[in-house]
Amino acid sequence: MASSTDKVRENRLRRAAERQGQILVKSRRRDPRALGFGLYVLVEDSAGNRTGQLGGQAAVSAFAGGEGMTLDEVERKLLGE
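Described in the following lines is the structure provided in the data block. (Residues numbered from 1 in each chain as written. Predicted model: local features only at pLDDT ≥ 70, side-chain atom pairs only at ≥ 80, totals over all residues. Heavy atoms only, no water.)

### Focus on helix 4 (residues 71-79)
1) Next: Turning to helix 4, its buried residues are Leu 71, Val 74, Glu 75 and Leu 78. The buried side chains of helix 4 occupy one side of the element, clustering within an arc of 100° when seen end-on.
2) Next: Looking one or two residues beyond helix 4, the residue adopting positive phi is Gly 80, at roughly 70°. (Buried < 20%, exposed > 50% of the residue type's maximum accessible area, 1.4 Å probe, protein only. Helix = DSSP H or I, 4+ residues; strand = E, 2+ residues; numbered from the N terminus. Arc of directions from axis to C-beta.)

Next comes the structure, spelled out in structure tokens:
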């Protein structure tokens with residue numbers, strides 16, 4: 001389970017992504033040994049990505065394609081570091 005500081009950081013990055021026209025989506029994998037567990041993707045904030053599943057088909061396709069970033073990588077990408 002994520003610590004409260006990780007959750008605060010995740011929420012801060014969700015707001016940063018929203019300001020940049022993106023949605024931060026966390027992998028739905030629950031098995032710590034599964035590929036993609038604990039990873040995130042950034043998808044464009046569009047109507048198709050908001051309906052149904054969180055992040056829509058773009059996030060599902062990204063995770064299926066082996067994409068995914070840690071919170072550190074997401075933070076670097078959003079802050080341009």
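### A short note on the pairing of strand 2 (residues 40-44)
1) Next: Of all the five residues making up strand 2, four are buried; the element is thus mostly covered by neighbouring parts of the structure.
2) Next: With five bridges joining them, strand 1 (residues 22-26) and strand 2 adopt antiparallel strand pairing. Among the inter-strand pairings, Lys 26 is bridged to a residue of strand 2, identified as Tyr 40. (Pairing = 2+ DSSP bridges.)

### Some words on the side chain of Gln 22
1) Next: Secondary-structure assignment places Gln 22 in strand 1.
2) Next: Given a relative accessible area of 16%, Gln 22 falls into the buried group.

### Observations regarding the nonpolar core
1) Next: Ranked by size, the top nonpolar core spans 10 residues in total: Leu 13, Ala 16, Ala 17, Leu 24, Tyr 40, Leu 42, Met 69, Leu 71, Val 74 and Leu 78.
2) Next: Counting only elements with at least two residues in this core, the list comes to helix 1 (4-19), strand 2 and helix 4.
3) Next: Once residues lying within four places of it in the same chain are set aside, the contact partners of Val 74 are Leu 13, Leu 24, Tyr 40 and Met 69.
4) Next: In this structure, Ile 23, Val 25, Val 41 and Ala 59 belong to the second largest nonpolar core, which totals six residues. (Core = buried A, V, L, I, M, F, W, Y, C linked by side-chain atoms within 4.5 Å. Contact = heavy atoms within 4.5 Å.)

### Brief notes about the pattern of salt bridges
Between side chains of opposite charge, pairing is possible as soon as their charged atoms come close.
1) Next: Counted according to the given criterion, the structure contains six salt bridges.
2) Next: In this structure, Asp 72 and Arg 9 form a salt bridge, with 2.4 Å as the shortest nitrogen-oxygen distance. With a gap of 63 residues between them, Asp 72 in helix 4 and Arg 9 in helix 1 connect regions that are remote in the sequence.
3) Next: Since its relative accessible area comes to 42%, Asp 72 is described here as partly exposed.
4) Next: Residue Arg 9 is classed as buried on the basis of its relative accessible area, which comes to 19%.
5) Next: A salt bridge links Arg 12 to Glu 75, with the nearest nitrogen and oxygen atoms 2.9 Å apart. Taken together, the positions of Arg 12 in helix 1 and Glu 75 in helix 4 put the pair 63 residues apart, joining distant regions of the chain.
6) Next: Residue class for Arg 12 comes out partly exposed when judged on its relative accessible area of 35%.
7) Next: Since its relative accessible area comes to 18%, Glu 75 is described here as buried. (Salt bridge = Lys/Arg side-chain N within 4 Å of Asp/Glu carboxyl O.)

Such coordinate-based values are descriptive only and should not be taken to indicate function.
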